[in-house]
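Residue-level listing of the chains:
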Amino acid sequence: MQTRIEEIDGLVVKGLSIHQGKTSDIPEKWEELANALEGYNVSQDVSYGVCIQMNEDGLDYVAGIDDHLLPDEITAVTVKIPKGRYLVGKVDGGIGQIQETFRKLFSNQDVTHRPSMSFEKYIGQDIHDIEAWVPIV
């Protein structure tokens, strides 16, 4: 897996959320977002899947796009991804390998992880170009 370290100033994602759900709920949320965007002239080259938290109660997750691109008519939540450094890994093998990619990034002993949100970055319209971003010190 190819990895790199990136530093961002933070970003704001707006989209549809899952509260205390399961990872198996995520594809349905993306489909719901795609359906909500139909009929709008939204041209996004990047979309984000933000894991706000995951614990014994389930997963809090947002499937979204840059906040300024989402039409105001769509009821959505806004998530602010904090500025900082991230360990970034290219997801090889498509969507089915996202969890494994995050597992490898979180188990990387060459960096110090920090508590914050991790996220997926989908680049372009082809869902096979995916990156996993994990917060580090």
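Residues numbered from 1 in each chain as written. Predicted model: local features only at pLDDT ≥ 70, side-chain atom pairs only at ≥ 80, totals over all residues. Heavy atoms only, no water.

**Student:** Please provide a residue-by-residue account of the layout of surface pockets, values included.
**Tutor:** Reported here for the largest pocket is a volume of approximately 780 Å³. Around the largest pocket, the lining is made up of 31 residues, and of these Ile26, Trp30, Tyr61, Glu120 and Tyr122 lie nearest the centre. Elements supplying a minimum of two residues to the lining of the largest pocket: helix 1 (26-37), strand 3 (46-55), strand 4 (58-66), helix 2 (98-106) and strand 7 (118-123). Split into classes, the residues belonging to the lining of the largest pocket amount to 19 nonpolar, 10 polar and 2 charged. (1 Å grid on protein atoms, 1.4 Å probe; cavity = no way out; pocket = protein on both sides within 12 Å on 5 of 7 lines; lining within 4 Å. Points joined across faces, edges and corners; volume = space filled by probe spheres on them. Helix = DSSP H or I, 4+ residues; strand = E, 2+ residues; numbered from the N terminus. Nonpolar A, V, L, I, M, F, W, Y, C, P; charged D, E, K, R; others polar.)

**Student:** Explain helix 2 to me, and be specific about the residues and the numbers.
**Tutor:** Those residues of helix 2 lying buried are Ile98, Thr101, Phe102 and Leu105. Buried residues of helix 2, seen end-on, are gathered within an arc of 100° and therefore sit on one face of the element. Buried-residue contacts for helix 2 involve strand 1 (3-8), strand 6 (84-90), strand 7 and strand 8 (130-136). (Buried < 20%, exposed > 50% of the residue type's maximum accessible area, 1.4 Å probe, protein only. Arc of directions from axis to C-beta. Contact = heavy atoms within 4.5 Å.)

**Student:** Could you give an account of the side chain of threonine 101, with specific residues and numbers?
**Tutor:** Mapping threonine 101 onto the fold places it in helix 2. In contact with threonine 101, not counting residues within four places along its chain, are Met1, Gly89, Lys90, Val91 and Ala132.

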